[in-house]
Structure formats: C-alpha cells, structure tokens
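Spelled out from the first residue to the last, the chains are:
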Amino acid sequence: MLDTAPIRTDWTREEAEAIYNQPFMDLLFEAHSVHRSHYDPNQVQMSKLLSIKTGGCAEDCAYCSQSARNGATLSAAKLIEVEKVLSEARRAKEAGATRYCMGAAWRSPKDRDMPALEAMIHGVKELGMETCMTLGMLDDNQVFRLRDAGLDYYNHNIDTSERYYKEIITTRTFADRIETLNRVRESGMKVCAGGIVGMGEQQLDRIDMLLALATLEEHPDSVPVNMLIPIENTPLANVDKLDPIEFVRTIALARILMPKSHVRLSAGRTEMSDELQAMCFFAGANSIFVGDTLLTADNPEEDKDMGLFGRLGITAMEAGCDGSH
Ligand code: SF4
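Residues numbered from 1 in each chain as written. Predicted model: local features only at pLDDT ≥ 70, side-chain atom pairs only at ≥ 80, totals over all residues.

1. Observations regarding the overall build of the protein
Selection rule: Going along the chain from the N terminus, every DSSP run of H or I of four or more residues is numbered as a helix, and every run of E of two or more is numbered as a strand. Just to be clear, the radius of gyration here is over C-alpha atoms, and the globule rule we use is 2.2 Å times residues to the power 0.38. Any residue surrounded by 20 or more other C-beta atoms within 10 Å of its C-beta is treated as buried, while 12 or fewer makes it exposed and the intermediate range makes it partly exposed; C-beta atoms here are placed from the backbone. Contact between two residues is assigned when their C-beta atoms, built from the backbone, lie within 7 Å.
Scanning the protein from N- to C-terminus turns up eleven helices and ten strands. Over its C-alpha atoms the protein spans a radius of gyration of 18 Å, differing by no more than 12% from the 20 Å that the globule rule assigns to 325 residues. For the protein, the spread of C-alpha atoms along the principal axes amounts to about 50 × 40 × 35 Å. When the 325 residues of the protein are sorted by exposure, 48% land in the buried category. Long-range pairs, those at least 24 residues apart, make up 80% of the contacts in the protein between residues at least 6 apart in sequence.

See below:
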C-alpha cells in the first residue's frame, strides 16, 4: 500500500517522544508499516566509504581517532592520489556498491585541494556510480564547485542533539553544521546527515537529534545512524554501551519521522548480531556501508553481509534507483 500522506517537517518533540517510547512491538509495527508504504522492504542500498585523507584533523570530535587533539590520533596523511581513489572505486563497484563515499579528515577543504576533489568526482561518476563526499564545512564557492563537478551527495552529520553537542565537539557549533547543510541543500545537491548514538547521551538527545533533521526545510536524502565504536584513548573510550533496543528504537523513529529518507545502518555493525541488524532492517534501515573498513573503523566483510542478505532475502538496490515506490 502506497502512502500518499504529505511528508511532514513540523514534528514536535511531544510527538517524537510518544513515538519513541510506545511499546516496542507497536513501534516496530508502525515503523515497518511506514517503511513498506515507501520502500521495498527487501532492498537495501549499498555504499562504499573510502578515507581520502586520514588523520591530523583540527577538530576535536570526542569519538574520533583522526582528531589531532585526541590521544588516539592516527598519523596525518596527505590527500590520496586520484588514480588510487578510482581503482578502489572500480573494486567497490565490482563488489556491488552503487554509491562511492569519499571522506577527508578536515575542518574544511582548502582551495588547493579542489581540483583533485573535482577529478575524483568526475572519475567515479564515469564508472556509473553515485558520488558522495564528506569534507567538513563548506563555503558557497566550494559547494558550487563540488556540485558543478557532479557530486550527488554531501555528507555532514550533526552528530547528536544541540544540547549534548558541546560535550562532544567544541571547535565548531551545531549552528555551523546546520549552515553547511542548508548551503548544500540550496545548491541542489542531495544531503546526507545523521549522527552517532551510544556516546553517553540521554534518550532525549537521540530523539532531539532526529527531530533536528526531521524539521529541516527538507529531510536529508540519507540519514546515517551510527553506533559509537569506542576507540582507545579518545574521550569516549570508556563510555557505557547503549542498550541495543534503544538503538532499534532510534532507527524506527528515524524511519517514521523521515519516511522517504534512506536510513543507513552505519558504523558499529561489527558489534551487532545478525539478529539485531535484521531487526534494524525491519524497523526501516535500508542502506549500509559495505567493505571491511569505514573511514578508519572496522566493518563486516562483504561475504558476511552477502551471507546475511541471502538468509534474509534482501537484495541490493540498483545504482540511480532510490528503491522507493
Ligand atoms: S569526525 Fe571528522 S571533523 Fe571530527 S575530528 Fe574526526 S575527522 Fe575531524
């Protein structure tokens, strides 16, 4: 059954809290019903993520091993060669990925990096894949250059609620993030924006994070929901683990508030059982990262994902097809 109800961007916190806190079976039923009315529930979009510039980042995100301010820093590397990016993209395409996401550990890109970034976008698009980049904050000129090079998606996560944000990052504000997201959307590129849970936040922070995304002028096209992978020596190394049921509730709320967005089950899948991942797909997740590494963290190997998909009867969405009805 198709859902022709208008997409809402006026959700209230009371509504979101009531959805999140309803009995779990009712929440799953509602989320799955919304999911089915907008998407084929047996199709999942597959993206591949490559770190094109690793480590030495000037930002202080408390969860991140790439921050030069965190004890767990990875040594800083240069922007990698365009040809290397393209050969990795070819391999990802052969393995079934339809979108290629390129991430750089920067506060924002420098103008001298733009020609190489543009060449990466051209090259990946020529392979017939969708392109996505995550490069930090962008000014107007950078947004237009990336768009004109053919970039399909720009990722910029809000990470958490506005209230909890200052516990996680102090080098840029929540408002800075929203500003970049608005610039990207106004340019016509698609927006990918989500966050991380399990960072010691309260339940209300998870709700408010999704509410912030669901009340943007337009919902992000992709909403990655990451489960924190605690990294040794970072400020969040010893944070308490999030109850997996809370994680599924978060996925379900994302699906209900943003029914047409791709909700991506992102970092943290290595720590999840097959059953938990299956429950997340039922609750409305319909996108994953494939490949055995994310930017720097571990991810399930492709064979394992394909094995799980086979057991669940899930197939991959085609490139350029958003899987929606
Ligand atoms: S999350 Fe991104 S911006 Fe933050 S420290 Fe890591 S690489 Fe830098």
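2. Thoughts on the site of the ligand
Selection rule: Whether a residue is near a molecule or strand depends on its C-beta atom, generated from backbone atoms, being within 6 Å of that molecule or strand. Following the grouping adopted for this structure description, the nonpolar residues are Ala, Val, Leu, Ile, Met, Phe, Trp, Tyr, Cys and Pro, the charged ones are Asp, Glu, Lys and Arg, and the polar ones are all others, Gly among them.
Lining the immediate surroundings of the ligand are Cys57, Glu59, Cys61, Cys64, Gln66, Ser67, Ala105 and Gly136. Residues of the shell around the ligand, tallied by class, amount to four nonpolar, three polar and one charged.

3. What about the UniProt feature "binding site: [2Fe-2S] cluster" (unreviewed entry) in the protein?
Here is the rule: UniProt positions are given in the numbering used here, feature names are shortened, and annotations may be inferred rather than shown by experiment.
The sites that UniProt annotates as "binding site: [2Fe-2S] cluster" (unreviewed entry) are Cys101, Cys132, Cys192 and Arg264. Maximum C-alpha separation among the annotated residues is 13.9 Å over a sequence range of 164 residues, consistent with a single clustered spot. In this fold, Cys101 is placed in strand β2 (residues 99–104). Of the residues examined, Cys101 has 27 C-beta atoms within 10 Å and is grouped as buried. Discounting chain neighbours no more than four positions away, the residues touching Cys101 are Ser47, Lys48, Leu49, Cys132, Thr134 and Asn155. Of note, Arg264 is situated in strand β8 (residues 262–265). On the basis of neighbour count, Arg264 is assigned to the buried category, with 24 C-beta atoms found within 10 Å. Non-local contacts of Arg264, meaning those with residues more than four positions away in its chain, are made with Gly194, Ser222, Val223, Pro224, Val225, Ala285, Ser287 and Ile288.

4. Regarding the pairing of β2
Quick reminder of the rule: Strands were regarded as paired on the criterion that DSSP finds at least two bridges between them.
Across the six residues of β2, six count as buried, placing the element largely inside the fold. Here β2 shows a buried face lined by Arg99, Cys101 and Gly103 and a second buried face lined by Tyr100, Met102 and Ala104. For strand β1 (residues 43–53) and β2, the ladder comprises six bridges, and the chain directions are parallel. Across the sheet, residue Ser51 finds its bridge partner in β2, namely Gly103.

5. Brief notes about helix α2 (residues 24–38)
Convention followed: Here, expected helix span is obtained from the residue count minus one, scaled by 1.5 Å. Our arc is simply the arc of the directions from the helix axis toward the C-beta atoms.
Between its terminal C-alpha atoms α2 stretches 21 Å, which fits the 21 Å expected from 15 residues at 1.5 Å a residue. Leu27, Ala31, Val34, His35 and His38 are the residues of α2 that are buried. One side of α2 holds all its buried residues, which, seen down the axis, span an arc of 100 degrees. Of the exposed residues in α2, those oriented more than 90 degrees away from the buried face are Met25 and Asp26. Close packing links the buried residues of α2 with α1 (13–21) and α9 (244–257).

6. Section: the environment of Val44
Within the fold, Val44 resides in strand β1. Classification of Val44 by C-beta neighbours within 10 Å gives buried; the count is 24. The spatial distance from the C-alpha of Val44 to the C-alpha of Ile314 is 6.9 Å, given a sequence separation of 270 residues. What Val44 contacts, discounting residues up to four positions off in sequence, is Phe281, Asn286, Ser287, Ile288, Ile314, Ala316 and Met317.

7. Concerning unusual backbone geometry
The backbone of Asp159 shows a phi angle near 75 degrees, a positive value even though the residue is not glycine. Along the chain, the position of Asp159 falls in the loop between β4 (153–155) and α6 (162–168). In this model, Asn233 sits at a positive phi of 75 degrees, which is unusual for a non-glycine residue. Secondary-structure assignment places Asn233 in the loop between β7 (222–227) and α9.

8. Some thoughts on the environment of His35
When you line up the elements, His35 lands in helix α2. In contact with His35, other than residues within four places in its own chain, are Pro41, Arg255 and Gly284.

9. Quick word on the pairing of strand β3 (residues 130–134)
Where we set the bar: Look down the strands so they point away from you; if going from the first strand over the helix to the second traces a clockwise path, that crossover is right-handed.
With five of five residues buried, β3 is to be regarded as a mostly interior element. Going residue by residue along β3, you find Glu130, Cys132 and Thr134 tucked away on one face and Thr131 and Met133 tucked away on the opposite face as well. Relative to β3, β2 runs parallel, the two being bridged by five bridges. Residue pairing in the sheet places Tyr100 in a bridge with Thr131 of β3. Viewed along the sheet, the connection from β2 through helix α4 (residues 114–126) into β3 turns out right-handed. Once the chain exits β3 it traverses helix α5 (residues 140–149) before rejoining the sheet at β4, and the crossover so formed is right-handed.

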